[in-house]
Each structure stands twice: as structure tokens, then as C-alpha cells.
Amino acid sequence: MKLMFASDLHGSRTACEAVLAQYEKSGASRLVLLGDLLYHGPRNDLPEAYDPKAVTALLNGAKDELLCVRGNCDAEVDQMVLSFPILADYALFDLDGTTAFVTHGHLFNAENLPPHKPGDLLIHGHTHVLGIWPAGGMTYINPGSAALPKENNPKSFMLYEDGEFTICTLENEIIRTFRSK
């Protein structure tokens, strides 16, 4: 199984186009979006090429490829224009025998862990800071932000295949890898 994860598009057409292009090149079977798809929110600067209508059209064009969770900037009104579900607060994935709790990060995160067993994974965006580290018996993994990275991080996404996570820049340069087994 190969999956691609991206987070925090925040209505950036260029970030959305880059994520979809990397998804197409990757050969992944699904693109998992970790929330904050269309709007930038009051705490963020406007992202490059801010165009929620274009992002809506791009994502709707890829609707059969997407699995999504809700971000803190996503609302019911967004669901009215998107042709795929975005309102789940979390999803549970079986990644080759390891349970992954997949969420945006505003409700469950390294400081407020979800129910879990030792060795489970917590995958979320929200902070706009990429990272992989232990968190209370889980492994925390954040692919960073595709549109508005923070703390001098590059715009990024993540691939998962055969127990290995690879965080890459939007130009597909490897930043960090982690093997879950």
C-alpha cells in the first residue's frame, strides 16, 4: 500500500496544484488530506495564489482519490461545495499492521493524545511544522504544510509505503524518513 499525506492547503491554488502533481507522480493509491483545505483562517497570512474556488475545482476533480479529515478552518459550508467528505474529526488506518490515528491536530495531538496502544501512530498537520518523534507511547508524525509552513520549514508532503514514511518538499526532495516497523 502506498499513500500520500498532505495538510494545510489553506486555499492556495499553487500548493494544491503541486500536491496533486506530486500525488500523480508518486503512484500512491490515495491522497490523504489532513484538513484546512480552502480557507486561511484569521491567524494565518494569505497563502500564495489564494483562490479557494480554484482549489475547490481541483480537489473536486480528484474526489475519487481523496480521503480527508476536518481541520479547524474547515466548516459545513465548505462541504457544500466539495464533492467528497471532509467533516470527520479523525480516521483510523491500518498501515501494514500498525494502527494510525489520522486527524488534523487541533483536537488530538501530542499534548492531547487519542486513546491508543503502545506503538500506534498519530498522524496530523495543524501546526504547519513537520516532525517525527515519540509521544506518550505513540509515534507522532506531521507532514508539515503544503501552503504555509512555519519555523523555517519548506512546503512539504509525506509518502507512506511498506512501513516507511518519507517527508518531502513540494519539489520532491527528501527531508526525513521514518520506518514504523
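Residues numbered from 1 in each chain as written. Predicted model: local features only at pLDDT ≥ 70, side-chain atom pairs only at ≥ 80, totals over all residues. Heavy atoms only, no water.

S.K.: Give me the pairing of strand E10 (residues 164-169): which residues, what numbers.
M.R.: For E10, a buried count of five out of six residues is recorded, marking the element as mostly surrounded by other parts of the structure. Pairing between strand E9 (residues 156-161) and E10: six bridges, direction antiparallel. Paired with Glu161 across the strands is Glu164, a residue of E10. Connecting the antiparallel pair E9 and E10 is a turn made up of two residues, with Asp162 showing a positive phi of about 50 degrees. (Buried < 20%, exposed > 50% of the residue type's maximum accessible area, 1.4 Å probe, protein only. Helix = DSSP H or I, 4+ residues; strand = E, 2+ residues; numbered from the N terminus. Pairing = 2+ DSSP bridges.)

S.K.: An account of the sheet that holds strand E7 (residues 131-135) is needed here, citing residue identities and associated values.
M.R.: The sheet built from five strands is open, its strands ordered E4-E5-E6-E8-E7 with mixed pairing. Where the open sheet ends on each side, the last strands, each with one partner, are strand E4 (90-95) and E7. On average, each strand axis in the sheet is tilted by 25 degrees relative to the strand beside it, whichever way the strands run. Inspection of the sheet shows E7 paired to strand E8 (residues 138-142) by five bridges, in the antiparallel sense. Pairing of Ile132 across the sheet is with Ile141, part of E8. (Axes fitted to C-alpha atoms, helices over the stretch in contact; angles between N-to-C directions.)

S.K.: Before we move on, could you go through the sheet that holds strand E3 (residues 66-68) and cite the residues and values that matter?
M.R.: In spatial order, the strands read E3-E2-E1-E9-E10-E11; together these six strands make up an open sheet with mixed pairing. Where the open sheet ends on each side, the last strands, each with one partner, are E3 and strand E11 (174-179). Between one strand and the next, the sheet's axes are offset by a mean angle of 20 degrees, whatever the strand orientation. Pairing of strand E1 (residues 2-6) with strand E2 (residues 30-33), which is carried by four bridges, proceeds in the parallel orientation.

Geometric descriptors of this kind do not, in isolation, establish any biological role.
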